[in-house]
Amino acid sequence: MNNLFSVRMRAAKEKNMSEESIHISGGEGLCTYEQISELSAELLQKAMTHERGNPDTIHITIEKVKESPKFAPPLPVTDHEAHTVEEGRKIASQLLLDVGISQESLTTALKHMMNPVPIRGAALLDEKTGTRLDHRGDKGVRVSRMDWDEANLKFLQKKDPSLLRKRIQESYALASKVTFYPEIVAELCWSDDPGYTTGYVSGHQMGYHRIPFLKNPGDSTGGRVFFISSQFSEVEDLITKLERQPVLIGWEGESDESNL
Ligand code: WAQ
Ligand code: MG
């Protein structure tokens, strides 16, 4: 796809005049010029019907993307069973420890995820020390400029109908873009939406692990943590790629059975 446009949405609620606003929802996608109205309307609808509340401000930004997109393959998915938050978090923690995340970094990550005021982006933590590497404070790093390659999405939806659900499409696309960068060892995510308790752990070594019950219903904490390889120091460059590099999820060229 050439001549792509990036569409981003941010919706927030004002606290009071002197304080920062509270994140309600965000969304991002890539589309052709002809699809801009449709994608903007979809994101506007998401902002206006969010379970975290009605926003006071909604920003939609539309920009032509100058770079041609990279293709990132979708991650293989593993579904886990868990019946309590304790069980769910134990599975998530073990998966992260298994790929070399330290106990210290894991503890910092869980603390971040349980912060009562969720942030709109991700926190980047050193995989060993747990040090916060981005300096974005309570905004975090928002991954943008990623979307499904349409043919590949349609093809995969036939095999996995859960991909018909927008939330799963979005999370899976985000995790696949994030995993595309080898500097990111793993990701931990659960939603800040009080009604959605399933989360995931992902990474290039392990794929996408969907875990039910990473929090209790009614809990509006949540977020994302990217664990960054300790061998790596160019964090600003990585942040620019997460925010700006266009990535389509799928295999370049036609989708066909041989890719699966
Ligand atoms: N870039 C960085 N961080 C983000 C982004 C983004 N584009 N989008 C969301 N976040 C962060 C932010 O801190 C949000 O508060 C938090 O993640 C949760 O976002 O397979 O719905 O969109 O069943 O509420 C995962 C499981 C669902 C899906 C996650 O997250 C499945 C979800 P939400
Ligand atoms: Mg949310």
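In this text the structure is predicted, and so the values were computed from the model without any measurement. (Residues numbered from 1 in each chain as written. Chains lettered and ligands numbered in written order. Predicted model: local features only at pLDDT ≥ 70, side-chain atom pairs only at ≥ 80, totals over all residues. Heavy atoms only, no water.)

**Here we look at the pairing of strand S10 (residues 207-211)**
What counts is decided by this rule: Each residue's exposure class comes from its accessible area (1.4 Å probe, protein chains only) as a fraction of the maximum for that residue type: buried when under 20%, exposed when over 50%, partly exposed otherwise. Numbering of helices and strands starts at the N terminus; helices are DSSP runs of H or I of at least 4 residues and strands are runs of E of at least 2. Two strands pair if DSSP finds at least two bridges between them.
Counted residue by residue, S10 has five buried out of five residues, so it is predominantly covered. For strand S5 (residues 77-79) and S10, the ladder comprises three bridges, and the chain directions are parallel. Counterpart to Val77 in the pairing with S10 is Tyr208. Sheet analysis places strand S9 (residues 199-203) next to S10, joined by five bridges and oriented antiparallel. If you follow Val201 over to S10, its bridge partner there is His209.

**Let's talk about the environment of Asp219**
Inspection of the secondary structure puts Asp219 in the loop between S10 and strand S11 (223-228). For the pair formed by Asp219 and Phe180, sequence separation is 39 residues and the distance between their alpha carbons is 31 Å.

**Some words on the site of ligand 1**
Operational definition: Throughout this document, a residue counts as near a molecule or strand when at least one of its heavy atoms sits within 4 Å of that molecule or strand. Identification of polar contacts relies on pairs of N or O atoms within 3.5 Å, with a donor-acceptor requirement for protein atoms, meaning one able to donate a hydrogen and the other able to accept it, and with residues adjacent in sequence counted only if both atoms are side-chain atoms. Calculation of accessible area relied on Shrake-Rupley with a 1.4 Å probe; when residues are assessed, cover is drawn exclusively from the protein chains displayed. Classification convention: Asp, Glu, Lys, Arg as charged; Ala, Val, Leu, Ile, Met, Phe, Trp, Tyr, Cys, Pro as nonpolar; all other residues, Gly among them, as polar.
Residues in contact with ligand 1 amount to 24 residues; listed here are only the nearest, Ile119, Ser191, Tyr196, Tyr208 and Arg210. A distance of 2.9 Å separates an oxygen atom of ligand 1 from a polar side-chain atom of Asp192. The separation between an oxygen atom of ligand 1 and a polar side-chain atom of Arg210 is 2.7 Å. Within the complex, the protein chains bury 95% of what would otherwise be the 700 Å² of accessible surface of ligand 1. When residues of the shell around ligand 1 are traced back to their parent elements, those giving at least two are helix H5 (166-179), strand S8 (184-190), S10 and S11. Sorting elements by how many residues they give to the shell around ligand 1 places H5 first, with four residues. Of the residues belonging to the shell around ligand 1, the class tally is eleven nonpolar, five polar and eight charged.

**So, the nonpolar core**
Condition: Nonpolar cores were defined as sets of buried Ala, Val, Leu, Ile, Met, Phe, Trp, Tyr and Cys residues, with membership established by side-chain atoms within 4.5 Å. It only takes one pair of heavy atoms within 4.5 Å for two residues to be counted as in contact.
Counting 33 residues, the largest nonpolar core has Leu124, Trp148, Ile184, Phe226 and Leu242 as its most contacted members. The element that contributes the greatest number of residues to this core is H5, accounting for six residues. In this structure Leu242 touches Val141, Arg142, Val143, Ser144, Lys177, Val178, Tyr181, Ile184 and Phe226, once residues within four positions along its chain are discounted. Listed in part, the 20 residues of the second largest apolar core include Val99, Leu110, Met113 and Phe227.

**Concerning the coordination of the magnesium ion (ligand 2)**
The line we're drawing: Sodium, potassium and calcium take a 3.2 Å donor cutoff, other metals 2.8 Å, and in both cases only N, O and S atoms count; water is not among them, so sites may look incomplete.
Coordination of the magnesium ion (ligand 2) by the protein involves Asp192 (OD) and Asp193 (OD), with metal-donor separations of 2.1 to 2.3 Å. We note that Asp192, like Asp193, is buried.

**Re the sheet that holds S5**
As a reminder, the rule being used: Axes here refer to lines fitted to C-alpha atoms; in helices the fit is confined to the stretch in contact. Angles between the N-to-C directions go from 0 to 180 degrees.
Strand order in the open sheet made by the six strands is S5-S10-S9-S8-S11-S6, with mixed pairing throughout. The outermost strands of the open sheet, each flanked by one partner alone, are S5 and strand S6 (122-126). When strand polarity is set aside, the average angle formed by the axes of neighbouring strands in this sheet is 15°. Seen against the sheet, helix H3 (residues 103-113) touches S6, S8 and S11 and runs at an angle of roughly 160° to S11. Relative to the sheet, helix H6 (residues 235-244) contacts S6, S8 and S11, its axis offset from that of S6 by approximately 150°.

**Here's the deal with the sheet that holds strand S7 (residues 146-148)**
The sheet built from three strands is open, its strands ordered S4-S12-S7 with parallel pairing. Looking at strand neighbours, the two that pair on one side only are strand S4 (70-72) and S7, the edges of this open sheet. If you compare each strand with its neighbour and ignore which way they point, the axes differ by 30° on average. Two elements, S4 and strand S12 (residues 247-249), share three bridges in a ladder whose sense is parallel. Note on S12: the bridge partner recorded for Ala72 is Ile249. Together, S4, S7 and S12 form the strand contacts of H5, whose direction differs from that of S7 by roughly 120°.

**Observations regarding the packing of aromatic side chains**
Operational definition: Two aromatic rings, drawn from Phe, Tyr or Trp (for Trp, its six-membered ring), form a pair once their centres lie within 6.5 Å of each other, and the interplanar angle then sorts them: stacked below 30 degrees, edge-to-face above 60, tilted otherwise.
Using the criterion set out here, one finds five aromatic pairs in the structure. Here Trp148 and Tyr172 contribute two aromatic rings whose centre-to-centre distance is 5.5 Å and whose plane-to-plane angle is 55°, an arrangement assigned as tilted. A residue pair is termed long-range when its members are at least 10 positions apart, and Trp148 in strand S7 and Tyr172 in helix H5 qualify at 24 residues. Given the relative accessible area of 4%, Trp148 is considered buried.

**Concerning the pairing of S9**
In terms of residue burial, S9 counts as a mostly covered element, since five of its five residues are buried. In S9, alternate side chains face the same way, and those of Gly199, Val201 and Gly203 on one face and Tyr200 and Ser202 on the other are all buried. In this sheet, S9 lies alongside S8 in antiparallel orientation, the contact comprising four bridges. Each bridged residue has a counterpart across the sheet, and for Trp190 the counterpart in S9 is Gly199. Counting the residues in the hairpin turn of S9 and S10 gives three residues.

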